[in-house]
Amino acid sequence: LRAKPATVRFRLLGAGAGLGGFSDLSVPMHEFAAWNPPVHTVFITENEVNGLAYPPVAGGLVVFGLGYGVERLAAAVWLEQRKVYYWGDLDTHGFAILHRLRDHIPHAHSFLMDPDTLRAHAEVWVTEPTPFTGELQRLHERERAVYDTLRSNQLGDRVRLEQERISFGAVRRALAELT
């Protein structure tokens with residue numbers, strides 16, 4: 001008996017950019033890794049809801065639902081030739097996942113994980129149950145500032161902004177700034 005293969009779920013984001021009529025797919029990781037998709041930008045988002053609601057982006061693809069399993073994407077060497085953006089929760093674990101992703105995809109940028117986004121959504125903050133407090137060397141300066149603010153409780157006790165609580169308008173504006 002063979003073990004169930006690890007899979008990756010993704011959506012093609014360009015207008016009419018489906019594969020055989022499909023735009024939301026889940027495939028074995030080894031097939032995803034061997035593929036060379038006709039996209040120039042890849043977004044990785046922690047949350048399934050965000051992946052399903054992601055707005056159209058010409059030449060874009062969104063991978064979602066991996067959480068701490070982002071290291072599985074290391075096998076997809078074609079990601080080295082693509083712009084890669086990671087969008088996680090604005091909490092200590094979101095930054096830990098970004099750090100882990102950069103172990104394998106060092107050129108990955110964060111998306112909507114900045115101090116302005118955090119402050120603009122204060123009304124929907126929740127409490128992070130079990131914060132991560134370790135050192136994360138692969139964060140860029142602005143990311144580290146947000147991470148340090150969160151893990152030291154400078155804004156309140158265990159502040160967390162779940163990515164699905166970020167306004168859709170903020171997502172669209174941030175995407176427009178990328179293009």
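See the structure shown above.
Each value, and the rule that gives it
- Residues numbered from 1 in each chain as written.
- Predicted model: local features only at pLDDT ≥ 70, side-chain atom pairs only at ≥ 80, totals over all residues.
- Heavy atoms only, no water.
- Salt bridge = Lys/Arg side-chain N within 4 Å of Asp/Glu carboxyl O.
- Helix = DSSP H or I, 4+ residues; strand = E, 2+ residues; numbered from the N terminus.
- Axes fitted to C-alpha atoms, helices over the stretch in contact; angles between N-to-C directions.
- Left-handed = near helix turned anticlockwise from the far one by under 90°.
- Contact = heavy atoms within 4.5 Å.
- Nonpolar A, V, L, I, M, F, W, Y, C, P; charged D, E, K, R; others polar.
- Buried < 20%, exposed > 50% of the residue type's maximum accessible area, 1.4 Å probe, protein only.

### A closer look at the pattern of salt bridges
If the charged atoms of two oppositely charged side chains come close together, the side chains can form a pair.
Okay, so step 1: The final tally for this structure, using the stated rule, is 14 salt bridges.
Okay, so step 2: The salt bridge involving Asp116 is made with Arg142; its shortest N-O contact spans 3.8 Å. Taken as a pair, Asp116 in helix α4 (residues 115-120) and Arg142 in helix α5 (residues 141-151) lie far apart in primary sequence, 26 residues in all.

### A few points about the packing of helix α3 (residues 92-104) against α5
Okay, so step 1: The N-to-C vectors of α3 and α5 enclose an angle of 145°; their axes lie 9 Å apart at closest approach. Every pair of crossing elements has a handedness; the one defined by α3 and α5 is left-handed. Contacts between α3 and α5 involve Thr92, Phe95, Leu98 and Arg102 on the former and, on the latter, Glu143, Val146, Tyr147, Leu150 and Arg151.
Okay, so step 2: Split by residue class, the contact of α3 with α5 holds five nonpolar, one polar and three charged.

### Observations concerning unusual backbone geometry
Okay, so step 1: Not every positive phi belongs to a glycine, and Asn153 is a case in point at roughly 60°.
Okay, so step 2: Structurally, the position occupied by Asn153 is in the loop between α5 and β8 (159-160).
Okay, so step 3: We note that Arg158 has phi near 55°; this positive angle belongs to a residue other than glycine.
Okay, so step 4: With respect to the element layout, Arg158 can be found in the loop between α5 and β8.
Okay, so step 5: Overall, Arg158 belongs to the partly exposed group, its relative accessible area being 28%.

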